[in-house]
Amino acid sequence: MNKFFKSILALGVTSALGISAVNAATYQVIDKGDVSSLKYTYSQQENNSGEAAISGTDIYNFPVQFQYLDVDDYDAIVSLAENGHEAVHELVDIEDETALRNGTPTANDLSWVIRFLKARTGNSLYQEVGDVFAMTNFTGQTTLFNVFDEKFVGSDVYTRSTKEFISGITNEGWVYGTASAPYLPLDFTESDNDEVTHWVREFTTRGFFSPDGGANIIEIIPPSEIDLPEAQRFGGESAILDISESHFAVGFASTSIDQNAIDFITDETGGCADPNVVDDIPFKVCVQRIIANIYNTEAIKWTIDAEGTVSSETLGHLVTPHEDDEREYVNYAQAINNSGVAVGYAHGWVDETETNPSVRESRSFYAVVYKNGQVTDFTDDHGKYFDSRAYDINDAGIAVGHANVFVNGNQRTKFYHVDTNAENMEMILPTDFFVGSSSTARAINENGMIVGEGEFETHNDNASNPRRTHGFLYDTTAKTFTDLNSFLACDSAYTVIEARDINDANEISATALVKVPRRDSKGELMLDEKGEQLTEDVVRAVTLKPIAGEIEDCSTVEEKVERQGAGFGILSLMFLVVVGIRRRFN
């Protein structure tokens with residue numbers, strides 16, 4: 001599978017440890033985002049012991065390396081602020097240009113520098129901003145742990161150029177996920193004797209696991225870095241998306257390189273092997289410019305033995321294309337249970353009865369189960385359901401996810417559950433917030449409790465006016481669907497916008513909106529003109545813990561979303577969060 005399409009956005013959350021509980025509620029909110037260096041934190045998973053895997057973003061005091069900026073760069077930053085400050089909420093024009101050019105900007109001006117760098121993502125002549133962080137909460141305190149990032153030479157400062165996605169945590173405390181290599185400066189002299197600095201990295205993304213909570217990181221080396229000739233090893237790609245208690249792991253890894261990419265890299269007349277090309281850019285930079293599009297990857301199942309030795313097997317595709325079909329065929333494994341049964345999604349034919357596909361046979365994505373060496377699609381009617389995903393499976397073999405359907409002419413996602421043990425597997429789509437709501441199931445525990453998120457607003461949505469989401473809980477036994485915010489006290493400071501996981505104690509890993517004191521890009525508290533504390537809405541990683549009580553009638557209480565003042569700006573942020581850092585890759 002060649003992942004030309006893959007794009008992982010990044011966002012997360014921060015917070016302070018706190019508990020919001022009222023005896024009349026049925027769940028209390030435990031805020032687990034106590035990370036002073038980050039603005040946002042975002043829940044991924046919590047094990048049965050209450051230990052949590054959390055993602056974060058928007059670091060304070062991002063370590064800009066000002067020595068690599070020149071006069072033209074500073075001019076561009078000043079121009080960016082001058083022309084854009086009226087359209088950017090919370091920022092003003094450059095406050096102290098002299099301090100900025102001396103590399104000691106104010107917090108406002110530092111924000112403009114970071115915006116300048118982010119706008120040049122992918123340009124090897126500029127420092128990269130990674131800004132996705134892995135965290136754990138083992139003893140009630142959320143702390144960052146480093147996966148592959150490195151410190152600048154002669155410094156105790158990390159580059160913060162990596163994207164370190166933590167996917168989850170097992171009941172033994174194993175943490176796992178995928179992360180990129182850091183971008184490090186490489187000095188280079190061009191053919192005209194101009195001296196420049198390029199920012200390069202060793203690989204794009206690599207799976208990892210740690211059996212000791214992050215103290216020691218074990219990399220998943222992709223097959224492409226073992227099986228291919230030395231000249232074709234450029235780091236490869238791999239990712240771990242789930243690990244079971246029985247030490248089965250699933251995800252993906254690169255197995256080969258697209259032939260067109262190999263031809264370009266070895267081309268001596270305009271490619272990376274051309275002496276005239278490498279006179280002006282390093283060979284590694286030439287490869288880096290195209291590397292995001294070169295790998296063919298496969299869904300893979302790994303087995304980790306008692307000594308930590310990792311063995312692997314590819315899980316296969318759903319369909320076999322025509323021999324002349326040169327399109328990429330995608331397959332992902334998203335989750336695996338203790339019996340080694342995995343679920344995910346793969347390319348399949350729109351006509352589910354097709355046995356003799358044409359060169360350009362119509363296709364879509366369909367949720368699948370990987371079991372007994374077979375890849376099986378459980379979407380019965382491809383004319384009705386399409387572009388489906390499976391995100392989780394429990395030990396009873398019940399899988400959950402979402403499928404796309406048309407509702408009143410509009411395309412929507414609808415969450416489902418399915419028994420993968422059945423001879424004729426059938427997706428069951430329960431009623432969610434309302435008929436036209438989009439919803440997604442993210443996880444299911446051993447009690448048959450499903451969590452996810454769905455649209456609760458009913459207006460006609462569009463790109464400029466999307467609907468907001470709430471987290472939900474669905475009980476497959478009682479067949480009840482509940483907005484998670486209904487379980488909270490009416491005066492709770494938190495609004496749960498999505499649920500990512502649920503453990504066997506029915507404790508829910510979720511992300512919530514909460515209003516907090518506002519901080520600038522250096523992490524300092526911000527005051528208004530009268531000296532009063534400013535506030536802002538942020539997203540926080542929270543745990544929802546069951547307590548004795550009853551659901552309150554909040555009909556006379558002001559609606560939470562309005563109470564918290566969550567306008568379109570923070571809503572846009574939520575969409576980045578929802579689309580960005582995911583426990584399961586979308």
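Above: the structure in question.
This is a predicted model, so every value here is computed, not measured. (Residues numbered from 1 in each chain as written. Predicted model: local features only at pLDDT ≥ 70, side-chain atom pairs only at ≥ 80, totals over all residues. Heavy atoms only, no water.)

(A) Representation of a negative patch on the surface. On the surface, a cluster of negative charge is made up of D187, D192, D194, E195, D279 and D280. Counting through the fold element by element, D187 comes out in strand β9 (residues 184-189). (Patch = residues over 30% accessible without salt bridge, like charges linked within 9 Å, V, L, I, M, F, W, Y side chains within 5 Å. Areas by Shrake-Rupley, 256 points an atom, 1.4 Å probe, with all protein chains shown as cover. Salt bridge = Lys/Arg side-chain N within 4 Å of Asp/Glu carboxyl O. Lys, Arg positive; Asp, Glu negative; His and termini not counted. Charge placed at Lys NZ, Arg CZ, Asp CG, Glu CD. Helix = DSSP H or I, 4+ residues; strand = E, 2+ residues; numbered from the N terminus.)

(B) Molecular detail of the pattern of salt bridges. Per the counting criterion, the structure on display carries 19 salt bridges. K515 is the partner of D537 in a salt bridge, and the nearest nitrogen-oxygen pair spans 3.6 Å. Placement of D537 in strand β30 (residues 535-546) and of K515 in strand β29 (residues 508-517) is noted, with a sequence separation of 22 residues between them. In this structure K515 comes out as partly exposed when scored by relative accessible area, which is 38%. (Buried < 20%, exposed > 50% of the residue type's maximum accessible area, 1.4 Å probe, protein only.)

(C) Geometry of helix α1 (residues 71-84). The first and last C-alpha atoms of α1 sit 20 Å apart over 14 residues, in line with the 20 Å expected at 1.5 Å per residue. Buried within α1 we find D73, Y74, I77, V78, A81 and G84. Around the axis of α1, the buried residues are gathered within 160 degrees of arc, so they sit on the same side. Relative to its buried face, α1 has exposed residues pointing more than 90 degrees away, namely V71, D72, E82 and N83. Taken together, the buried residues of α1 touch α2 (97-101) and α3 (107-118). A side-chain oxygen of the first residue of α1 lies 3.1 Å from the backbone nitrogen of D72; this N-cap is D70. (Expected span 1.5 Å × (residues − 1). Arc of directions from axis to C-beta. Contact = heavy atoms within 4.5 Å. Polar contact = N/O pair within 3.5 Å; in protein donor to acceptor, adjacent residues only side chain to side chain.)

(D) Layout of the side chain of N108. With respect to the helices and strands, the residue N108 is situated in helix α3. For N108, a relative accessible area of 9% translates into the label buried. Ignoring any residue separated from it by four or fewer positions in sequence, one finds N108 in contact with L91, V92, D93, I94 and E95.

(E) Structural detail: the state of the cysteines. Using the criterion set out here, one finds 2 disulfides in the structure. Disulfide pairing is shown between C272 and C286; the S-S distance is 2.0 Å. Note on the C272 and C286 pair: the S-S dihedral is about -85 degrees, so by sign convention the disulfide is left-handed. You can see C272 sitting in the loop between α5 (259-266) and α6 (275-278) and its partner C286 sitting in helix α7 (residues 283-288), a full 14 residues away along the chain. Overall, the relative accessible area of 0% leaves C272 in the buried class. (Disulfide = S-S within 2.5 Å.)

(F) Inspection of the sheet that holds strand β16 (residues 310-314) at higher detail. Taken in spatial order, the 4 strands of this open sheet run β13-β14-β15-β16, and their pairing is antiparallel. Here the strands that pair on one side only, and so sit at the sheet edges, are β13 (238-243) and β16. Across the sheet, the mean angle separating the axes of adjacent strands is 35 degrees when strand polarity is ignored. Where strand β15 (residues 295-304) and β16 come together, 5 bridges link them in antiparallel fashion. (Pairing = 2+ DSSP bridges. Axes fitted to C-alpha atoms, helices over the stretch in contact; angles between N-to-C directions.)

(G) A look at the packing of aromatic side chains. Evaluation of the coordinates by the stated rule reveals 19 aromatic pairs. Aromatic pair W174 and F209: ring centres 5.5 Å apart, planes at 10 degrees, arrangement stacked. With W174 in the loop between β7 (164-169) and β8 (175-179) and F209 in strand β11 (residues 206-210), this pair connects stretches of sequence that are 35 residues apart. Counting every residue linked through ring pairs, the aromatic cluster contains F415, F433, F472, Y474 and F481. A cation sits over an aromatic face here: R115 above W112, 5.8 Å from the ring centre. Between the NZ or CZ atom of R442 and the centre of the ring of Y391, over which it lies, the distance is 4.6 Å. (Phe/Tyr/Trp six-rings, centres within 6.5 Å; stacked < 30°, edge-to-face > 60°. Lys NZ or Arg CZ within 6 Å of the ring centre and 35° of its normal.)

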